[in-house]
Amino acid sequence: MTRVTIGLTLLGLAVLFIAYAKGVGAIHGGDVIGHMYWATAAITLVALGNFIAVAHLARSERMIQELRALCEKNGIEYGED
């Protein structure tokens, strides 16, 4: 999941640079619709990456809580170093 999140973030960053270049071109009379498509793609990729990161974090937190409960149940010390 972490690799997917990093990959989506990097891909979103690359698409954002393309959208920026298209936006600069739009200022100078270029294709505005093309800029909007690239900007929408960049926002979508970053939002998807963030959603996956939050889902992964929630899953990890749940696993840590289960581990702590098992450690307490079995008398194993669980430290927070």
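Above this note sits the structure.
## Here's the deal with the side chain of T5
Then, in step 1: Mapped onto the fold, T5 is located in helix α1 (residues 2–27).
Then, in step 2: Here T5 falls in the buried class, since its relative accessible area comes to 15%.
Then, in step 3: When neighbours within four sequence positions are excluded, T5 is seen to be in contact with G49, I52 and A53.

## A closer look at the nonpolar core
Then, in step 1: L8, V15, A42, L45 and I52 form the largest nonpolar core, which has 5 residues in total.
Then, in step 2: Those elements giving two or more residues to this core turn out to be α1 and α2 (32–73).
Then, in step 3: Among the elements that take part in this core, α2 stands out by supplying 3 residues, more than any other.
Then, in step 4: Excluding residues that lie within four positions of it along the chain, L8 makes contacts with L45, L48, G49 and I52.

## Brief notes about the packing of α1 against α2
Then, in step 1: In contact at an axis separation of 8 Å, α1 and α2 are set at 160° when each is read in the N-to-C sense. With respect to α2, the element α1 is oriented roughly antiparallel. Viewed along their axes, α1 and α2 form a crossing whose handedness is left-handed.
Then, in step 2: Tallied by class, the residues present in the contact of α1 with α2 amount to 18 nonpolar, 7 polar and 1 charged.

Reading guide: rules and limits
- Residues numbered from 1 in each chain as written.
- Predicted model: local features only at pLDDT ≥ 70, side-chain atom pairs only at ≥ 80, totals over all residues.
- Heavy atoms only, no water.
- Helix = DSSP H or I, 4+ residues; strand = E, 2+ residues; numbered from the N terminus.
- Buried < 20%, exposed > 50% of the residue type's maximum accessible area, 1.4 Å probe, protein only.
- Contact = heavy atoms within 4.5 Å.
- Core = buried A, V, L, I, M, F, W, Y, C linked by side-chain atoms within 4.5 Å.
- Axes fitted to C-alpha atoms, helices over the stretch in contact; angles between N-to-C directions.
- Parallel < 35°, antiparallel > 145°, perpendicular 65-115°, else oblique.
- Left-handed = near helix turned anticlockwise from the far one by under 90°.
- Nonpolar A, V, L, I, M, F, W, Y, C, P; charged D, E, K, R; others polar.

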